[in-house]
Amino acid sequence: MKNIFLATYLAIKEVVRNKGRFLLVALVIALITLLVLFIAALGEGLANGNRQYVANLDAQLVVFLEKSDYSISSSRLETNTVKSVRRVDGVADAGAIYTSSTEIVSLPEPLKVSMLGAEPGRPGMPPILDGREFRGGEAREAVIDRNVALRTDIQVGDTIQIRSTQGTEDEFFELKIVGLVEGQSYFFQPTIFVPAATWEKIRPQSESELTSDTPYPNIIAVKLTDPLQTEAMSARLTEKVTNIEVADIDTTINNIPGYSAQQGTVQTQGVFTLLIGILVIGGFFQIQILQKVPQIGVLKAIGSSNGVVGLSAVIQIIFVTALGVGIGGGLTYLFSLGFPPTIPLVFNGARSLIAIALLLAIGPFGGMVSIIYAVRIEPLKALRLG
Amino acid sequence: MSTIALEVRDLVKSFSLDGATINAVDHVSFQVKSGEFVALVGPSGSGKTTMLSILAALLTPTSGQVLIDGQDLAQMNEKQRVKLRREKIGFTFQSNNLIPFLSARENVEFMLRLNGRLDHASRIRSDELLARLGLSDRLHNLPAQMSGGQQQRVAIARALIHNPAVVLADEPTASLDTERAYQVVETFANLIHENERAGIIVTHDLRMCQYVDRVLQMQDGKLVRIYEDKKEIIELARGTIH
Ligand SMILES: Nc1ncnc2c1ncn2[C@@H]1O[C@H](COP(=O)(O)OP(=O)(O)OP(=O)(O)O)[C@@H](O)[C@H]1O
Ligand SMILES: [Mg+2]
């Protein structure tokens, strides 16, 4: 206990009397923090941009065409599959989802969007926040997600024009916006929702596809009566319904093209930044300890125990790291306020918290060598050096 | 009646460098009583600092015994030696004496903190001691804001404040001008005498010996001569004996 007091006293006095030096180290840590948090936020943002819609599905399982390797774009289901799925025991509801992308051109700057076909009230169609659901059939009505609203000034009640290439022609279609849903980014694009029949009419397609008017869903989102029974239900679905394969939401996300590779890249960047952080902090404290050999020698010569000397080094490192991470966190927050919504940065993930925890650990980790060094300094050095 | 605070018996410290062994301290024996102020003199390299380091339990002797307050240093483990340094020994070094981020007052008070004895009364004592050493107006200065002599005086205050049994000072006057040096050593001597401590001061400057009770002269690690007679010591200090 007495040791803790003495160590704290020494640590505080030294920091207070060398504010500049310690602030400098803290600022270096702050910059590393800024970098790591941005990478974490970018990872979260990119992940979100890719998976937001799928992750938000009110469903536990996703049905794909057999042998489509859980790839949404290469999966093309029969129209009656959704009915067969709904008949399976333990399925609460199922909704067909049709994916495609198009471009809103009734804007100063055209905006690429994902165009998803879904059924109101079924899994796959997010809850309406403002306005109403689109009407089915061939009504040219659409619902936009918040990402569209954030990037443009399109509002419920507006009419927009989209452009899709069909065969060799660029076709233009008018859509009336009737509702707004939460952000549902898919394939890094903001999303508009339309009825299946409309989707089939207005989506980009090749010459050969133009002859058919039947919309084929890419996937089916399945909501279970018991959300915990994913494995059993997955097996039952594959058994009862022909020509399908079934994945849970996580598997579906991981199989979105590029998702895993991208997340791996971002994570590797984050890990390397942390490693560099550890080396920088370690180097900094090591140099500092080397400069402090005589003073540590004096401390020991006049009877301070190794415990006091080591503890005071630990307290300083923790303090400086915490200060640096605090400043870095603050800076990150300030910067994040000024970022446009087009840059995919998301700061509220568990990822940022993990990053902060790791950042707080890098100080003591990097400083470990210097602490051991401090404890080993011989008091006699105080007499011989200088 | 004064007790023996420090006793050295047949002390040897040898260093081997490049195969050659030298005895930095070579079969030295002496005693210092409480209330006695002793000078350790000798040419550069004669083993004075080595001697002091052993007395301060900072260096283990090759052979021989050191007893401080009756306790044999060789019988102690490292933890006990740290405790001994903290409680029973006061030390000033040739250089790099003070904790650079503590003010003059804090440096002195730190010795009390270490011993868990910092209170109102001891704070007053510490300020008084600094005042006697001419540092009343330097209490809040950091070491870097003081001259070498002022730093040495702070170190002397730190070496005395916790009433150690033995006070060891390695060349405390090296960076002082003669006038200041006399003054500091005289104050040092008075404090040793008043508080009945055993004091050993290492010095090059024989003139400083006028304030001590005994002079131990070292050469090549050996204790070659002891001046105990006050008249002889005064003559030594005046430079009439060599
Ligand atoms: N760690 C060591 N390793 C090898 N030799 C040493 C070591 N420490 C001291 N010596 C040698 O021991 C001898 C005595 O050194 P010491 O420092 O005790 O002398 P000193 O009397 O204090 O000299 P000065 O008046 O210059 O301070 C010297 O020859 C020195 O080179
Ligand atoms: Mg010396």
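Conventions we followed
Residues numbered from 1 in each chain as written. Chains lettered and ligands numbered in written order. Predicted model: local features only at pLDDT ≥ 70, side-chain atom pairs only at ≥ 80, totals over all residues. Heavy atoms only, no water. Contact = heavy atoms within 4.5 Å. Buried area = accessible area lost by both parts, 1.4 Å probe. Salt bridge = Lys/Arg side-chain N within 4 Å of Asp/Glu carboxyl O. Polar contact = N/O pair within 3.5 Å; in protein donor to acceptor, adjacent residues only side chain to side chain. Helix = DSSP H or I, 4+ residues; strand = E, 2+ residues; numbered from the N terminus. Nonpolar A, V, L, I, M, F, W, Y, C, P; charged D, E, K, R; others polar. 1 Å grid on protein atoms, 1.4 Å probe; cavity = no way out; pocket = protein on both sides within 12 Å on 5 of 7 lines; lining within 4 Å. Points joined across faces, edges and corners; volume = space filled by probe spheres on them.

(A) Representation of the interface of chain A and chain B within the structure. Residue-level contacts link 25 residues of chain A with 27 residues of chain B. Of the roughly 2,500 Å² buried at the junction of chain A and chain B (both faces included), carbon and sulfur atoms supply 66%. Scanning the region where chain A abuts chain B turns up two salt bridges. Between Glu106 of chain B and Arg17 of chain A there is a salt bridge, and its shortest N-O distance comes to 2.6 Å. Inspection of the chain A/chain B interface yields seven residue pairs in polar contact (both at pLDDT 80 or more). Going through the elements one at a time, helix H1 (2–17), helix H9 (293–301) and helix H12 (381–384) of chain A are the ones with two or more residues in the side of chain A that touches chain B. Top contributing element to the side of chain A that touches chain B by residue count: H1 of chain A, with seven residues. For the side of chain A that touches chain B, the residue count by class is 13 nonpolar, six polar and six charged.

(B) Focus on empty space enclosed by the protein. Residues and elements named next belong to chain A. Tallying each qualifying case throughout the model produces two cavities of 30 Å³ or more. Of the pockets and cavities examined, the largest cavity occupies roughly 90 Å³. Around the largest cavity sit 13 residues that line it, and Glu14, Lys292, Ile296, Val309 and Ser312 are the ones nearest its centre. Of all elements in the fold, only H1, H9 and helix H10 (306–337) reach the threshold of two or more residues within the lining of the largest cavity. The greatest single-element share of the lining of the largest cavity, amounting to four residues, is contributed by H10. Counted by class, the lining of the largest cavity contains eight nonpolar, three polar and two charged residues. Lining the second largest cavity are Phe285, Gln288, Ile289, Lys292, Ala313, Gln316, Ile317 and Ser370. Among the elements of the structure, helix H8 (259–291) and H10 are those that each provide at least two residues to the lining of the second largest cavity.

By themselves these figures say nothing about function.
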